[in-house]
Amino acid sequence: MTDEVRVRFAPSPTGDLHIGGVRTALFNWLFARHHEGKFILRIEDTDVERSTEESARQIISALNWTGLNWDEGPEVGGEYGPYFQSQREDYYRQAIEYLLEKERAYYCYCTPEEVEKMKKEAERAGEPPIYPGRCRNLSAEERKAFEAGGRKPVIRLKTPDEGYTVINDLVRGEVSFENRLQEDLIIVKSDGKPTYNFACVVDDHAMGISHVIRADEHLSNTPKQVMLYQALDYELPQFAHVPMILAPDRSKLSKRHGATSVDEFKNEGYLPQALINYLLLLGWSPGNNDEIIPLSRAIRDFTLEGVSSNPAVYDTKKLTWVNGHYMRDLPLEEIMKQALPFIREAGYVEEDISEEEYERLCKIVDAVRERSRTLLELVDGISYFYDDDFDYDQKGVKKHFQQDDTLTILENDLDCLKKVKPFNREAIEEIYRNRSEELGVKAARMIHTTRLALSGRTFGPGLFTLVELVGREEAIKRLERALEYVKNMK
């Protein structure tokens, strides 16, 4: 193993990429970037029945969306490939041959039913309910007899039955496991496929992984993997188990708590920068109360010492708040890149948008994003710029359209927009404020009626910006509609 920091994120393609997985990937990515090391993506697809190519593609796509770029792996390559476990059988075969040759592993012909019976018998006798190693010392004749009977063996690792396996975890500290409670681990299944723990160890060694940083639900696998490292005469990496993400009720996070996969958050209009920022705070502290942390600073400051050993509690309200910050503060170009697919899906612009219309859309988005916490809210916020078939907010109608002077105010609003030159924000504001003085009313009275007439809403971007972006002709048409609406209320 080299002195270079090499870490990996190794998801199984059995479903969509979960935010817990992204948080694990993020901590690995930050650790690698902080130490100027390598971040490797490996797809652990040895579970043939559950793994799918579609899931693998989704994981790669979702990880690309988050911006957590990998230095080696699918789509990138590297000198330690292949990066799909299903393509690494030669590595596993060589490791198995080594263990069998050294008599550190053995063929086990016990059926699952027999193993279960042995475990129950051990439990009744007050012993650990584990496989007792019945096939450890079979003779060649006994093996032949089992094979003649059609039994397909698994291969088990001979694990020590005395002493302790001690892990010096970089997050949890020293963790000790009693060896007699660890059964002889199955490392190759009866179909010849390697098991998770075995393939993981062989690949981590072959890829030069220096630090294994993963969720603490894998802590129970660690003593088994350490035994495999020792049996294979591999150098041990350092282990770090980061806390799980729990639901608000402190139960295991699941779909009943809302969105849990990256694609779900993406479809709900969250920004990748916000999701990454939020996940960073789930289990890691910058050492102060800062909650908006630029990625450059996170790379500079990230350490495993700053990772908590306690579970992190997921809170969508906090995520939405963080997302609102990024909606306001990211460069407009980045917001447009993320927002355009949503805007097109809503039907407000065509795929081949003209340069003029794109410039107008940029101004609209820039005006609306201040009050938008997600891209879905942004799309809703720009809707009235493209669709004049809206209803008036009824609370706004009661407050702004049902006063005795409403017709006079709306007529003056209309007159201002017909006369103002040039038709821009500054000139519109000037004529409105002058007219309000002439009428002896507050400018807010004219502003609120115009806003409701033009958007159907009582809130939004600055009124004079809104009017300019709606345009003179459309603004006049909408004010005339509002006048008819108020007249019909009388």
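Above this text you will find the structure in question.
Notes on the structure follow. Being a predicted model, the structure only gives us computed values, none of them experimental. (Residues numbered from 1 in each chain as written. Predicted model: local features only at pLDDT ≥ 70, side-chain atom pairs only at ≥ 80, totals over all residues. Heavy atoms only, no water.)

### Focus on the sheet that holds strand S4 (residues 154-157)
Strands in a sheet are paired, the pairing made by backbone hydrogen bonds, and the direction either parallel or antiparallel.
Phase 1: Here we have three strands laid out as an open sheet, ordered S3-S4-S7, and antiparallel in their pairing. Looking at strand neighbours, the two that pair on one side only are strand S3 (105-108) and strand S7 (186-188), the edges of this open sheet. Across the sheet, the axes of successive neighbouring strands diverge by a mean angle of 45°, strand direction being ignored.
Phase 2: In this sheet, S4 lies alongside S3 in antiparallel orientation, the contact comprising four bridges. (Pairing = 2+ DSSP bridges. Helix = DSSP H or I, 4+ residues; strand = E, 2+ residues; numbered from the N terminus. Axes fitted to C-alpha atoms, helices over the stretch in contact; angles between N-to-C directions.)

### Topic: the pattern of salt bridges
Phase 1: If you walk through the whole model with that rule in mind, you get 39 salt bridges.
Phase 2: Close ionic contact of Lys119 with Glu183 constitutes a salt bridge, the shortest N to O distance being 3.6 Å. Here the residue Lys119 occupies a position in helix H4 (residues 112-124), and Glu183 occupies one in the loop between strand S6 (173-178) and S7, the gap between them amounting to 64 residues.
Phase 3: Taking the shortest distance from any N to any O, the salt bridge between Glu357 and Arg360 comes out at 3.6 Å. Here Glu357 and its partner Arg360 are both found in helix H13 (residues 355-368), three residues apart, which amounts to about one turn of the helix.
Phase 4: We classify Arg360 as partly exposed; its relative accessible area is 23%.
Phase 5: If you follow the salt bridges from partner to partner, you end up with Arg8, Arg42, Glu44, Arg88, Asp203 and Asp204 in one network. (Salt bridge = Lys/Arg side-chain N within 4 Å of Asp/Glu carboxyl O. Buried < 20%, exposed > 50% of the residue type's maximum accessible area, 1.4 Å probe, protein only.)

### Let's talk about the packing of aromatic side chains
Phase 1: What the rule picks out here adds up to 14 aromatic pairs.
Phase 2: On the basis of an interplanar angle of 35° and a centroid distance of 5.7 Å, the ring pair of Trp284 and Phe302 is categorised as tilted. Highlighted residues: Trp284 in the loop between helix H9 (272-281) and helix H10 (295-301) and Phe302 in the loop between H10 and strand S11 (312-313), separated in sequence by 18 residues.
Phase 3: By relative accessible area, Trp284 is classed as buried at 5%.
Phase 4: A cation sits over an aromatic face here: Arg88 above Tyr91, 4.1 Å from the ring centre.
Phase 5: For Arg360, the ring lying beneath its charged end belongs to Tyr386, and the centroid distance is 5.4 Å. (Phe/Tyr/Trp six-rings, centres within 6.5 Å; stacked < 30°, edge-to-face > 60°. Lys NZ or Arg CZ within 6 Å of the ring centre and 35° of its normal.)

### What to know about the packing of helix H17 (residues 425-439) against helix H19 (residues 463-470)
Phase 1: Contact geometry of H17 with H19 gives a least axis separation of 8 Å together with a crossing angle of 120°. In this view, H17 runs oblique relative to H19, as classed from their interaxial angle. In the crossing of H17 with H19, the sense of the turn from one axis to the other is right-handed. Taken together, the residues of H19 that come into contact with H17 (itself represented by Arg425, Ile428, Glu429, Tyr432 and Arg433) are Leu463, Phe464, Thr465, Val467 and Glu468.
Phase 2: When its residues are assigned to classes, the contact of H17 with H19 shows five nonpolar, one polar and four charged. (Parallel < 35°, antiparallel > 145°, perpendicular 65-115°, else oblique. Left-handed = near helix turned anticlockwise from the far one by under 90°. Contact = heavy atoms within 4.5 Å. Nonpolar A, V, L, I, M, F, W, Y, C, P; charged D, E, K, R; others polar.)

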